[in-house]
Amino acid sequence: MIVALSGGIGGAKLALGLSQVLPPEELLVVANTGDDFEHLGLAICPDIDTLSYTLAGLDNPVLGWGRHDESWAFMETLGALGGPDWFRLGDRDLALHVLRTHRLRGGETLSAITDDVRRRMGIGSRILPMSDDPVRTRIRSDDGWIDFQDWFVWQRAAPVVRALDFAGAATARPQPEVLAALHAGPRAVVICPSNPFISIEPILAVPGIRDAIAASGAPVIAVSPIIAGQAVKGPTAKMFSELGVVPSAAAAAARYGDLLAGYVMEEGDDASDIAPRVFRAATLMRTLDDKVALARAVLAAADALW
């Protein structure tokens, strides 16, 4: 079993590569839910949905989120009526949010709904939330605390990041099947190239998950989300800078402390301050072949750590 921790776009790319080279029963993707929020009365789970659409081959490679076969009549009508159209929900995407909300209100867990949806989408590998309890990432800027989606989408990540908080994490219960997979002794734990601050650290903040990873006996290997001091996509480099750290592959590795046994990073990036064993690979994933090649490199590196 490979247990992969993932946020949205970058993590989903590697998760797709892993799904192409592993039997379905040997991959479990643990999704960040710190980005989740309620919008228009609907339960929105951006990272779970990006992972699901990507592994199902339904993702939109141009936008990086949502479905490729999308239409926008709902949003156009909502905007014309004066409704809040800053968070765009496509017509097909909307169906998933309505269904999820309906089933959550009926008493089902987010895990059960996510697992049923991925099977109906034809995804063999499991995707599970880090917890069925709500955890919400918040950003402290100069004007106070901001809910993550307000900061990221509504304000386009413009406010300066002074601190982060994962509301609810302290009392959240880890997803039981995630803990079971870690306790069973996986082949490796892979930290996908997602934003450490807002995609991976919320997962590790859920009580029991970090300890279970450390106690699993498996090599823990991360893939750098930083290439030549820049993030491929998203606000990772901006967040490092605003928190007083020069963005680099080494800075990203340092966020995980002694949890890591190995670190996969781009050839040419400085590895002098990186404590875990370094493995070099092409980490920029533009094509499916890129994703598969990186997945193979990560697995080879993990196996070399045993």
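Everything discussed here concerns the structure shown above.
Only a predicted model underlies this, so the values are computations on that prediction, with no experimental measurement involved.

Conventions and cut-offs
Residues numbered from 1 in each chain as written. Predicted model: local features only at pLDDT ≥ 70, side-chain atom pairs only at ≥ 80, totals over all residues. Heavy atoms only, no water. Salt bridge = Lys/Arg side-chain N within 4 Å of Asp/Glu carboxyl O. Pairing = 2+ DSSP bridges. Helix = DSSP H or I, 4+ residues; strand = E, 2+ residues; numbered from the N terminus. Axes fitted to C-alpha atoms, helices over the stretch in contact; angles between N-to-C directions. Phe/Tyr/Trp six-rings, centres within 6.5 Å; stacked < 30°, edge-to-face > 60°. Buried < 20%, exposed > 50% of the residue type's maximum accessible area, 1.4 Å probe, protein only. Contact = heavy atoms within 4.5 Å. Core = buried A, V, L, I, M, F, W, Y, C linked by side-chain atoms within 4.5 Å. Left-handed = near helix turned anticlockwise from the far one by under 90°.

Asker: When you look at the pattern of salt bridges in this model, what are you seeing that I'm missing?
Answerer: Proximity of charged atoms lets side chains of opposite charge pair with each other. This model, assessed by the stated rule, comprises 16 salt bridges. Asp 147 is the partner of Arg 138 in a salt bridge, and the nearest nitrogen-oxygen pair spans 3.5 Å.

Asker: Got a minute to help me understand the sheet that holds strand E8 (residues 163-167) in this structure?
Answerer: Within a sheet, adjacent strands bond to each other through the backbone by hydrogen bonds, running parallel or antiparallel. The 3 strands lie next to each other as E7-E6-E8, forming an open sheet whose pairing is antiparallel. The open sheet terminates on both sides in strands that have one partner only, identified here as strand E7 (144-147) and E8. Shown here is a sheet whose adjacent strand axes are inclined to one another by a mean of 30°, direction ignored. Alignment of strand E6 (residues 136-141) against E8, held across 5 bridges, turns out to be antiparallel.

Asker: Help me out: how do you make sense of the packing of aromatic side chains in this one?
Answerer: Think of a pair of aromatic rings as described by two things: how far the centres are apart, and how the planes are tilted against each other in angle. Scanning all chains against the criterion turns up 9 aromatic pairs. With a centroid separation of 5.8 Å and an interplanar angle of 65°, the aromatic rings of Trp 86 and Trp 154 are classed as edge-to-face. With Trp 86 in the loop between helix H3 (73-80) and helix H4 (91-105) and Trp 154 in helix H6 (residues 148-154), this pair connects stretches of sequence that are 68 residues apart. Given the relative accessible area of 21%, Trp 86 is considered partly exposed. Their ring planes at 65° and their centres at 4.6 Å tell us that Phe 197 and Phe 240 sit as a pair that is edge-to-face. With Phe 197 in helix H8 (residues 196-205) and Phe 240 in helix H10 (residues 236-242), the pair connects residues that are 43 residues apart, well separated along the chain.

Asker: Help me out: how do you make sense of the sheet that holds strand E9 (residues 188-191) in this one?
Answerer: One open sheet holds the 7 strands; their spatial order is E5-E2-E1-E9-E10-E13-E14, and the pairing between them is parallel. Edge positions in the sheet fall to strand E5 (126-129) and strand E14 (277-280), since each has one partner strand and no second. Put simply, the sheet's adjacent strands are angled 25° from each other on average, direction ignored. Relative to E14, strand E13 (residues 262-265) is paired through 4 bridges, and the arrangement is parallel. Each bridged residue has a counterpart across the sheet, and for Val 264 the counterpart in E14 is Phe 279. Contacting strand E1 (2-6), strand E2 (27-31), E9 and strand E10 (220-223), helix H1 (residues 9-21) crosses the sheet at an angle of about 170° to E2. Against the sheet, helix H2 (residues 46-55) engages E1, E2 and E5, with an angle of about 175° to E5.

Asker: How do you make sense of the nonpolar core when you look at a structure like this?
Answerer: Nonpolar side chains in soluble globular proteins tend to end up buried together. Core analysis: the largest hydrophobic core is formed by 49 residues, its most contacted members being Leu 5, Val 30, Trp 151, Ile 191, Ile 213, Leu 260 and Tyr 263. Once residues within four sequence positions are removed from consideration, Ile 213 is found in contact with Leu 5, Leu 182, Val 189, Leu 204, Val 220 and Leu 259. Core analysis: the next-biggest nonpolar cluster, separate from the first, contains 33 residues, Ala 12, Leu 14, Ile 48 and Val 190 among them.

Asker: How should the packing of H1 against H2 be read in this particular structure?
Answerer: Between two packed helices, both the angle of their axes relative to each other and the distance between the axes serve to describe the pair. Close contact between H1 and H2 brings their axes to 9 Å; oriented N to C, the two are set at 35°. Between H1 and H2 lies a crossing whose hand is right-handed. Residues Ile 9, Ala 12, Ala 15, Leu 16 and Ser 19 of H1 lie in contact with H2, whose contacting residues are Thr 50, Leu 51, Thr 54 and Leu 55.

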